[in-house]
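The lines below spell out each chain.
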Amino acid sequence: DVIEDLVRDAASRQTNNAEFLGLANDTIVDEDDTKYYLSSQFGRRESANIIWQLELCLWLHRGGAFEMSVKAVKETVLAIRIGIATSSWGRCHQSLDTLLKAEPDYPMDFDAGKNLWRSMKIIVVNDNVIDGIDGVSSGGWEFLVDCRRDEATEMLRDGKPGQFLIRPHTQDPGVFTLSFRTNLVPTEPTPAANYDETGAIDKSKQPSESESSQTARKIVKRDDVVQHAIVRLTDSGFRCGSFGPFVTLVKLLHAVSESLPFALRFNDPPIKGVIKERGTLPSPNSFLFRKMALHSRSDFFQLQGSSKKIKITDIDDCIRDRDPSDVSLERCFGLFAQLIFLTELRKQVCALAAAVDEDESATAMPKAGIDETLSDDFDGSISEGSLEIDEEEVIGVACRMVRPLLNWVRSKEIDIIDEIAPLMCDVDRTPSVVSLSSAVEELDETLEHTCFITGGDSLIRRMIQAGSGVEFRTLRVGEAGNSVIVVLFGRSDAVKWMISNGAARDQADAEKKLKMMELMRIIEPITSADLSIPKSYAATHPATESRYRFVDPWEVEALESKAGETANAALGRARYQTMSVGQIAGSCEKIVRSTGGLHLLGLWSTLKGGITLTKALCSAHPPWERDAGGDLLMKGGFLLESSPYENSIRQHLYGNSLFRRLNLPQRFLALLQVELLDLKNVTSPSGSSSLTAYALLRLKRQGSSAPLNHKARSLDSACTQPRKISKSSGLNAPASWGSLVRFRFPLPEFVNCEGKSFDADRESLFRGAPTCLQLTAYEKKFMSDAELGGADINLESLGSGGQIEEWVPLRAGKDGITWFARIRISLRFELMCMELSTNDGEEVKFKNDRCPSVGLKKIQYLSRLGAHEDVKGVKNSISTPDLAGYFGQYLY
């Protein structure tokens, strides 16, 4: 009893060290010569000294040197695993990785363990659930029998199919033999009768006539009904033939049982020859320490900065020369890696603490033996209730065991909040600004994607003013009666204007600036070689003549199918790719490796850190939602709260800023789906007549006056397929329409969470996200299509993941409102990966092939139906208000 008390006391102190380490300010990026390192050094050193002594106590207990209760064994196992995490914390990531992979060979109940930590809000990673197997109480070691092959065959020959035992090797402690009874029936001559223990004939074991007739054709020897398989304990786990490796023996037995035509009988352990001596059973942590011993003989490899050289060190796998500019980023990734490790360790430890061992009841003193075991001086203080362990008491004891670890996890959650989800003042901080002239000088060098290059939108704003000398023309592509208008300006005019207005020193400087604007996708070049146009147009517009179109940062794409929602595209001023696990892992690899070396990268891969980090950032609440519940924001008696639509945009702009702060490529794109459900004519009392209808739709900003008709519409508009609407009966009966249109637009870079650009010139040209849906309905006729009416639908009441459905009146000029359309609009956001590569001109063609421009792609498609420029261009002789209004039709 004294020995057990000493062991339990040491285990308790060891577990409490975890809570102490949670209060230390030692992080993963602190070196060993700092005061932060010393703040946790005492706890880590004490853990390293105690865990080996506790593990030795487990071996002495199994060896029969002294007995320990089930509760004491469980506390010791927990203390050892928590101690390994404490001593290896921030210094040996390989040991932490091994700790998660090598689960203890001890009963575990993950479902019961959830009750210990499910009330704590924590990032959820993949669950590792162990299938419960009835009858297994000691991890499968209760089937260990000390016998030879012939003795095992004799013991199992007359048993039931599925009975098995495990035989240890006489010379190699890592080799075992699995012997099991098959469902075969022997056909060779057997003894005349089988006798039971009393000497009488046991008729139940005599083969029946039907069994003899079925197996008469195939000879089965008496010893063949028992099969034997070799089980090996390697550095990766338990193996049996093609099965494995498994971290525990019971998992291997379960896998073998599922592959057999009969199930192994786990609830029927052998009786004779069972090895009951504790000395022949290994410690529950034996597999863990076996792997750690193998790793201790391997070299630690460390990547040394940008030199790409591997340095071998035998101390710590995360100590290196660090770049001060990356310390903040490395701190974020390091803290998150440690948090998800603790989350996974918490699941393992709680499952171990909450599991009820079948031998636990044996440790309680039976009622009948009280008088026999206690002395005459016993005062009767032990009641009957104290001898029974109910479920609540088990949970209470488990909570006491794991409370320090849970407090450690909670402290790490608090530490990482400001790193992962900062306040608005940190998110809306203006990025580093680089002028266009400086960027041109570094065009052939590496430019960081986080740099904000200004000056391109300023040139556009000055270029469209009256008297600039730049001529703008409209390119019409598509059919004659259904064309799309694109505003273009010539390259030569832009070069001349930039030189004359002092925006460029000479022609070479002007061309470099235009090239930089192309790379930034402020403008997009269009030549006759890019279009499928008639020869007459190509003859007057050589392929060498370049024209440009303006690119809206909030550019809207009308999708043709659902597959286009996540298709690769150059949309707005960035290029987006379909998100994949490989891209997420690759984006984290460099910074994780620089933070803790290859071993931290291995731990990060085991924990699926990239996916977990993405889920955490996507679910992070913005600061204004965390502060919800206070007073309403009022100004001048009016409520300043944002609309659901604006708030959804703000939320996901905040999410994009979190990804941007960590140099991750994930970005949100907005997806808006419009369903045209019904069409009704209010002037037809006998019902709507049969007609063929289609609609033109466009997302726009409030106040935009761009045309939306079948003769001229903008590039971001969509046209539905004509659908025949049959005549419906009844008073004002609606007619089924059934058309669907999808739009998507990016949430651009270098804007704050309100959607306002850090560049005033860009903000004046392209002011915020589209907030209105413009709809025009037409009736398809043989000669000329008739307009049924149009409407502008405000999207203020539309929130993320929600939808609005309403009847919209269609106003048709002088005729007023005669038609109503029932529409349903839904909004959601899709996560994609943005290219974070540098502005290297040599890779532009490769990027365009991988992520084609949605605007240029649509122009190329429509140009097959026809293309021409207006003969009368938009001259700068037009007054300024008219010119600005003209561009407002297409830019705003």
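Each chain has its residues counted from 1, following the order in which its sequence is written. Under the rules for a predicted model, residues below a pLDDT of 70 receive no local features and side-chain atom pairs below 80 are neither given nor counted, while totals for whole chains, interfaces and linings still include all residues. The basis for every side-chain value is the complete set of non-hydrogen atoms in the structure, without hydrogens or water.

Assigned secondary structure in the chain consists of 27 helices and 28 strands. The buried share of the chain, reckoned over its 892 residues, is 51%. Pairs of residues are marked as contacts when any of their non-hydrogen atoms sit within 4.5 Å. The contacts of the chain with a sequence gap of at least 6 include a subset with a gap of at least 24, amounting to 73%. Using a 1.4 Å probe, the Shrake-Rupley method yields the accessible areas, and only the shown protein chains count as cover for residues. Accessible surface computed for the chain: about 43,400 Å², of which carbon and sulfur atoms make up 51%. The numbering of helices and of strands both runs from the N terminus, where a helix is a DSSP run of H or I of at least 4 residues and a strand a run of E of at least 2. Buried residues are those whose accessible area, probed at 1.4 Å on protein chains only, stays under 20% of the maximum for their type, while exposed residues exceed 50% and partly exposed ones sit between those limits.

So, on to the sheet that holds strand β10 (residues 472–479). Strand pairing is defined by DSSP finding a minimum of two bridges between the two strands. Taken in spatial order, the five strands of this open sheet run β12-β13-β11-β10-β28, and their pairing is antiparallel. Strands at the two margins of the open sheet, each flanked by one partner only, are β12 (523–526) and β28 (867–869). Each adjacent strand pair in this sheet contributes to an overall mean axis angle of 40°, direction not counted. Across three bridges, the pairing between β10 and β28 is antiparallel. Residue pairing for β28: Val477 is matched across the bridge by Ala867. Angles run from 0 to 180 degrees between N-to-C directions of axes, and those axes are lines fitted to C-alpha atoms, restricted for helices to the stretch in contact. Those strands touched by helix α17 (residues 491–500) are β11 (482–490) and β13 (547–550), and its axis lies near 35° from that of β11. Strands in contact with helix α26 (residues 854–863) are β10, β11, β12, β13 and β28; relative to β10, the strand with the most contacts, it is inclined by about 60°.

Once that is clear, we can look at the nonpolar core. To define a nonpolar core, start from buried Ala, Val, Leu, Ile, Met, Phe, Trp, Tyr and Cys residues and group those joined through side-chain atoms within 4.5 Å. Counting residues in hydrophobic clusters, the biggest one holds 147 residues, and the most contacted among them are Phe333, Phe341, Phe743, Phe745 and Ile825. Setting aside anything within four residues of it in sequence, one finds Phe333 in contact with Cys588, Ile591, Val592, Trp604, Leu613, Leu662 and Leu664.

What follows is about the pattern of salt bridges. Basic side-chain nitrogens of Lys or Arg form a salt bridge, by our definition, when they fall within 4 Å of a carboxyl oxygen of Asp or Glu. For the structure shown, the criterion picks out 36 salt bridges. Taking the shortest distance from any N to any O, the salt bridge between Arg650 and Glu754 comes out at 3.3 Å. Of this pair, Arg650 sits in helix α23 (residues 644–661) while Glu754 sits in the loop between β23 (735–746) and α24 (760–765), and the two are 104 residues apart along the sequence. Residue Glu754 is classed as partly exposed on the basis of its relative accessible area of 46%. Here Arg850 makes a salt bridge to Glu835, at a shortest N to O gap of 2.5 Å. Within this pair, whereas Arg850 is found in helix α25 (residues 844–850), its partner Glu835 is found in the loop between β27 (817–834) and α25, the two being separated by 15 residues in sequence. Given a relative accessible area of 32%, Arg850 falls into the partly exposed group. Connected through salt bridges with shared partners, the residues Lys562, Glu565, Arg742, Arg828 and Glu830 form a single ionic network.

Turning our attention to the environment of Arg575. With respect to the helices, strands and loops of the structure, Arg575 is situated in strand β16 (residues 574–577). The class for Arg575 is buried, based on a relative accessible area of 11%. Spatially, the C-alpha atoms of Arg575 and Glu835 are 5.8 Å apart, while their sequence positions differ by 260 residues.

Expected helix span is taken as 1.5 Å per residue step, with the number of steps being one fewer than the number of residues. Compared with an ideal rise of 1.5 Å per residue, which puts 18 residues at 26 Å, α23 spans 26 Å between its outermost C-alpha atoms and is within 8% of the ideal. Extensive coverage of α23 is indicated by the burial of 14 of its 18 residues.

Exposure above 30% relative accessible area and the absence of a salt bridge qualify a residue for a patch, where like charges join within 9 Å and nonpolar side chains (Val, Leu, Ile, Met, Phe, Trp, Tyr) within 5 Å. A grouping of Leu56, Trp59 and Leu60 is seen on the molecular surface, where their side chains present a nonpolar patch of about 280 Å² in accessible area. Structurally, Trp59 can be placed in helix α2 (residues 35–62).

Before going further, it helps to spend a moment on the packing of helix α1 (residues 2–23) against helix α3 (residues 70–87). Put simply, α1 and α3 touch, their axes get as near as 8 Å, and they point 35° apart. Crossing hand, α1 versus α3: left-handed. Taken together, the residues of α3 that come into contact with α1 (itself represented by Glu4, Val7, Arg8, Ala11, Gln14, Thr15, Ala18 and Leu21) are Lys71, Ala72, Glu75, Thr76, Ala79, Ile82, Gly83 and Thr86. Residues are grouped as follows: Ala, Val, Leu, Ile, Met, Phe, Trp, Tyr, Cys and Pro are nonpolar; Asp, Glu, Lys and Arg are charged; all remaining types, including Gly, are polar. A class-by-class count of the residues in the contact of α1 with α3 yields seven nonpolar, five polar and four charged. Throughout, a crossing is termed right-handed when the near helix is turned clockwise from the far one, and left-handed when it is turned anticlockwise from it by less than a right angle.

Of all ten residues that make up strand β20 (residues 691–700), nine are buried, and the element is covered over most of its length. Sheet topology places β20 next to strand β22 (residues 723–725); three bridges connect them, and they run antiparallel. Looking across to β22, one finds that Leu691 is bridged to Ile725. With two bridges joining them, β20 and strand β21 (residues 718–719) adopt antiparallel strand pairing. Paired with Leu697 across the two strands is Ala718, which belongs to β21.

Once that is clear, we can look at the sheet that holds strand β3 (residues 226–234). Read across the open sheet, the five strands follow the order β1-β2-β3-β4-β5; overall the sheet is antiparallel. Unpaired on one side and paired on the other, β1 (164–168) and β5 (243–246) mark the two borders of the sheet. On average, each strand axis in the sheet is inclined to that of its neighbour by 20°, with strand direction left out of account. When strand β4 (residues 237–240) meets β5, the two strands line up antiparallel, connected through two bridges. Paired with Phe238 across the strands is Phe246, a residue of β5. Helix-sheet contacts for helix α6 (residues 149–157) involve β1, β2 (175–181) and β3, and the interaxial angle to β1 is about 170°.

For β16 and β27, the ladder comprises two bridges, and the chain directions are antiparallel. Bridge assignment links Tyr576 to a residue of β27, and that residue is Met834. One ladder, built from 15 bridges, connects strand β19 (residues 666–681) with β27; its direction is antiparallel. Looking across to β27, one finds that Leu676 is bridged to Ile823. Sheet analysis places strand β26 (residues 803–811) next to β27, joined by nine bridges and oriented antiparallel. When the sheet's bridge partners are listed, Glu805 is paired in β27 with Arg824.

The description of two aromatic rings rests on the distance between their centres and on the angle between their planes. The criterion for an aromatic pair is that two Phe, Tyr or Trp rings (for Trp, the six-membered ring) have centres within 6.5 Å, with stacked assigned to planes under 30 degrees apart, edge-to-face to planes over 60 apart and tilted to the rest. Counted according to the given criterion, the structure contains twelve aromatic pairs. The interplanar angle of 45° and the centroid separation of 6.0 Å between the aromatic rings of Phe472 and Phe550 together place this pair among those described as tilted. Within this pair, whereas Phe472 is found in strand β10, its partner Phe550 is found in strand β13, the two being separated by 78 residues in sequence. An identical accessibility class is assigned to Phe472 and Phe550; each is buried. Among the aromatic residues, those joined into a cluster by ring pairs are Phe472, Phe489, Tyr548 and Phe550.

Our focus in this paragraph is unusual backbone geometry. For Lys608, which is not glycine, the phi torsion reads 55° and is therefore positive. Judged by its relative accessible area of 45%, Lys608 is partly exposed. Backbone geometry places Phe750, a non-glycine residue, at a positive phi of 60°. Here Phe750 lies in the loop between β23 and α24.

Following both chains from N to C, one finds α3 and helix α10 (residues 327–354) inclined at 170°, their axes separated by 10 Å at the closest point. The angle between the axes of α3 and α10 places the two elements in the roughly antiparallel class. Residues Lys74, Val77, Leu78, Arg81, Ile82 and Ala85 of α3 touch α10, and the partners they reach there are Phe341, Leu345, Gln348, Val349, Leu352 and Ala353. Comment on the angle field: the value is read as roughly parallel under 35 degrees, roughly antiparallel over 145, roughly perpendicular from 65 to 115, and oblique elsewhere.

Further remarks concern the environment of Met155. Structurally, Met155 is set in helix α6. Here Met155 falls in the partly exposed class, since its relative accessible area comes to 32%. The spatial distance from the C-alpha of Met155 to the C-alpha of Pro270 is 8.8 Å, given a sequence separation of 115 residues.

Once that is clear, we can look at the confidence of the model for the chain. When pLDDT is low, close inspection of the predicted coordinates is not appropriate. Within a predicted model, pLDDT stands for the predictor's per-residue confidence, ranging from 0 to 100. On average, residues of the chain score 76 in pLDDT, and 71% of them are at 70 or above. With pLDDT under 50 throughout, residues 211–216 is counted as low confidence; its partners more than four residues away or in other chains account for four contacts. Below a pLDDT of 50 lies the segment residues 873–886, which in the model reaches 23 contacts outside its immediate sequence neighbourhood of four places, other chains included.

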